[in-house]
Amino acid sequence: MNRRVWLLIAQLILAATFILAGALKLRDPQSFAASVATFRVLPKVWSNVVALWLPPLEIFCGTFLFIKPWQRTAAFTAVILNAVFLALLVQGLIRGLDLECGCFGKWDPAANHPSLGIFRDILLLAAATFSYQAFVRRSRQLRSAPKV
Amino acid sequence: MKSALTRDAIGFVLMALVALLLGIGINALRPDPLPLKYVSAAGQLAAATAADSEPTQLISYDETRALVGRPDVIILDARPALFYQAGHLPDALSLPKETFDLDFPKVRSRLRASGIAGIVIYCSGGDCIDSAAVAKRLAAEKVGPLAIYEGGWEEWSSLEPSAGETK
């Protein structure tokens, strides 16, 4: 398969994941705020703000992966978000915290299995990094193309 | 490359700011908006019922410890049945939030028995929401007085050396 097909597959996986995750969390912000609090990274009082902020950001990220002027920014956002999610899960596992991933609300198969969540985040981070690199390469090619 | 990365970082910040405003806007339109300052679900319920004739109280580990084993106090585990089976507070009954409608009829007569001084509900820990959800359902069923042990199984199992044996 050529690079373009791989990019499309990566975009589809990332978009579907982020839009679904964002939409599910948007439906039940209280549960998600409780999940955020279990990570014990931010002061607990900020958990509600994070729970209100993250779902729209994930939906933007997933949607903008297919909207041309924003594709690269969306892929960059996907890299940042997945890297942060991965770091949060790893620190929780190392600290032995009783984490609730909350990634897909109560429908998350990895809700109480941080190691499954870590594996999923590694795959998503790889897809996001590949997409971002592909978009950077594409914008470089466009800039260096001879102007007619 | 550096300027491209800066541009992407600015785009990310812009997207994050718009998402924050949108998230706060959507929340304001909800029938029960989430307060911006986090309070645990149990804390919210206790505050909401403070003025009621039978408020839901929050109790500590020591208070729970003193209530465990008393015949006039019922302990309810609001976590999913799988977690209850793995370990629970002594003599606790399982009443998971998810299967409340199915399981409540099984414990109804015990909860409504005469001489019951109180019902203590707990879930996994201070930030879990299942105990508050079950307490709300029990209050609607006119069962009480209710108390939530906020520390939940996480605190109990860390402070009670024999907690894993209460199967």
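Residues numbered from 1 in each chain as written. Chains lettered and ligands numbered in written order. Predicted model: local features only at pLDDT ≥ 70, side-chain atom pairs only at ≥ 80, totals over all residues. Heavy atoms only, no water.

**Things to note about the pairing of strand E5 (residues 146–149) of chain B**
Residues and elements named next belong to chain B. Burial along E5 is two-sided: Leu 146 and Ile 148 facing one way and Ala 147 and Tyr 149 facing the other are all buried. Across three bridges, strand E1 (residues 57–59) lies against E5 in parallel orientation. Of the residues in E5, the one forming a bridge with Ile 59 is Tyr 149. Both strand E4 (residues 118–122) and E5 contribute to a ladder of three bridges, which runs parallel. When the bridges of E5 are listed, Ile 121 appears paired with Ile 148. (Buried < 20%, exposed > 50% of the residue type's maximum accessible area, 1.4 Å probe, protein only. Helix = DSSP H or I, 4+ residues; strand = E, 2+ residues; numbered from the N terminus. Pairing = 2+ DSSP bridges.)

**Looking at the pairing of E4(B)**
The element E4(B) is largely enclosed, with a buried count of five among its five residues. With burial as the criterion, each face of E4(B) is covered, one bearing B:Gly118, B:Val120 and B:Tyr122 and the other bearing B:Ile119 and B:Ile121.

**Side note on the side chain of A:Glu58**
Residue and element names in this part refer to chain A. Position of Glu 58 among the secondary structure elements: in helix H3 (residues 47–64). Relative accessible area serves as the criterion here: at 1%, Glu 58 is assigned to the buried category. At a separation of 2.9 Å, a polar atom in the side chain of Glu 58 contacts the side chain of Lys 25. With residues near it in sequence (within four places) discarded, Glu 58 still touches Phe 18, Ile 19, Ala 21, Gly 22, Lys 25, Leu 81 and Phe 85. (Polar contact = N/O pair within 3.5 Å; in protein donor to acceptor, adjacent residues only side chain to side chain. Contact = heavy atoms within 4.5 Å.)

**Description of the confidence of the model for chain B**
For chain B, mean pLDDT is 84; residues scoring 70 or higher make up 95% of the total. Listed scores for the predicted complex are pTM 0.71 and ipTM 0.85. (pLDDT = per-residue confidence, 0-100.)

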